[in-house]
Each structure stands twice: as C-alpha cells, then as structure tokens.
Amino acid sequence: MSETVNQPNNSRVPLLGPLLEPGRMVLVCIAAFAVAFFVCRYFADDIFSFLIQPLMRAGQKSISYPQVFDAFFVRDKVAFFSAMMVLLPIFAIQSWYLVGSQENRKERRALLPFSLATPTLFLIGVATAYFLAIPMMLHLLIALPSVSGNVQQVPLPEIGKYFNFATRFLFAFGLAFLLPVLIILLEHAEIVNRRQLISARRYAIVGAFAITLVISPPDAGSLLLIAITLAVLYEAAIIGIRLIEHRRARAGRRAANG
C-alpha cells in the first residue's frame, strides 16, 4: 500500500524537470542582463567614447545634443545596448544547455558548435561593422564637402541620431553574420538541403534586400553594403554545408569499412 502511495511522488520530478528548465534559463538571462546593465551604465561614458571613435576618425570633431536631456538618455541607451551585447553569448550557452538537457549526449555534442559559433560570429560581424563598414559610410557622408551657393554646409551630428545609426549598424552586421549558423542548423534538422538552397539563391538575394530594409539604417549605401554581406554569407553557408556533407560521407565510409 505504501509503495502505491509513493509512486506518483517519484514521477513528478521528471515530468516537471523539462518545464522548469526554460524558466530557469529566463531567470539566468534576466539576472545577467540586470547585472550587465548596471555595470555598463557605470562605464557608459567610456563605452560611448569608444563608439564615437569612427566619427572622430572621419574628421568630425564635435557632436551636438539639441535637447537638454539627450546626453543623459544616451547613457541609458548605451547601457542597454552594451548589456544586450553581453547577454547574447550567455543566451546562446543557455539555449544549448536547455536543448542538450532534453536530448541524448550525441545530439547535445552536435549542437555545441552552434552555441559556440553564435557569439563568435556575432562579434565578428560587430567588429566588421565597427572597423570597416561604419568608417567607410562616415567617410562617404562627412568627408565630402557640401557647398550651396557661397555657403559651405558643415555637418553637425546629433548625439542621439549618431548612436542610433552606429548601434543599428552594429546589430545589423552582427545578426547578418549569424545567417550561416541559422542555415546550417536548418540543414542539420533536415528542414532544407544544399540543392534547395542553391535553387533558391535568387530568392535569397531578394530576401536579403528586404531584410536589410528593416534592420539597416535608412540610406542606400547601408542597404547595399548589408545586402551584399548577406548574399556572401548565404554562399558561405552553402559551402559549409557541402564540407559537412563530405565529412559525413567519409564518416559513413569509415563506418562501413570498419
């Protein structure tokens, strides 16, 4: 009789375990974001000084804030942006842990490269935007003098608008560099294959321009730059899938011979 009473209690833990894992992941991410936000808020001026360096190198020596509270609110925006950058690697690792805890060890090991590649490629995309794309766009927009009649027009960027421009560029490139991970993950899940990706290449290029219209700053140079980057990364994903297929084929031959 006692064994019958205790049996339901023992079965509750494995049933509730998978339900508790997503909640635990959310709590970890919220706690990490809160800590990162307050730390980044303390160093907001230093972080913004780093973000503004491409503008300074492009020849702009001053920046304005037309509203009295603009400089104050930009510090909060800098802290929020920086905290999001810190949160991404933690979120990727937690996602891998969540999926891996509900699958077998082989599946968890297969997903490990995706969790490691996600923050790595995101940071590479951000670095590409910071060191290459943003300076190139700023030199195009600022370095060329504009003269109307006898009056020379001198650019005077606003602090809030420059921050929005820079962060949208950084996030756009960071997310764009995640495209190969997403495509290879879909192939790993057998949702798409390499032949389908090759046949859908023209539609992918059109989609790259459509996505860029949403995530990029609203100018033609940014649109072209990010859309071309997405198209190149799409091709890189196809090449990566081909290499994975060759590795699978070699592993299959070894297993057959062994």
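Residues numbered from 1 in each chain as written. Predicted model: local features only at pLDDT ≥ 70, side-chain atom pairs only at ≥ 80, totals over all residues. Heavy atoms only, no water.

### Thoughts on the pattern of salt bridges
- Counting across every chain of the model gives four salt bridges.
- The partner of Asp 76 in a salt bridge is Arg 41, with the nearest N and O atoms 2.7 Å apart. On the criterion of sequence distance, the pair formed by Asp 76 in helix α4 (residues 70–101) and Arg 41 in helix α1 (residues 2–42) is long-range, its members being 35 residues apart.
- The class of Asp 76 is partly exposed, set by a relative accessible area of 26%.
- You can call Arg 41 partly exposed: its relative accessible area is 24%. (Salt bridge = Lys/Arg side-chain N within 4 Å of Asp/Glu carboxyl O. Helix = DSSP H or I, 4+ residues; strand = E, 2+ residues; numbered from the N terminus. Buried < 20%, exposed > 50% of the residue type's maximum accessible area, 1.4 Å probe, protein only.)

### Notes on the side chain of Thr 167
- Tracing the chain through its elements places Thr 167 in helix α6 (residues 159–176).
- In this structure the side chain of Thr 167 is engaged in a polar contact, spanning 2.8 Å, whose partner is the backbone oxygen of Phe 163. (Polar contact = N/O pair within 3.5 Å; in protein donor to acceptor, adjacent residues only side chain to side chain.)

### Focus: helix α7 (residues 179–188)
- Among the residues of α7, Pro 180, Val 181, Ile 183, Ile 184 and Glu 187 are the ones counted as buried. The arc that holds the buried residues of α7, viewed along the axis, is 170°, so those residues lie on one side.
- Within two residues after α7, Glu 190 carries a phi angle of roughly 60°, on the positive side. (Arc of directions from axis to C-beta.)

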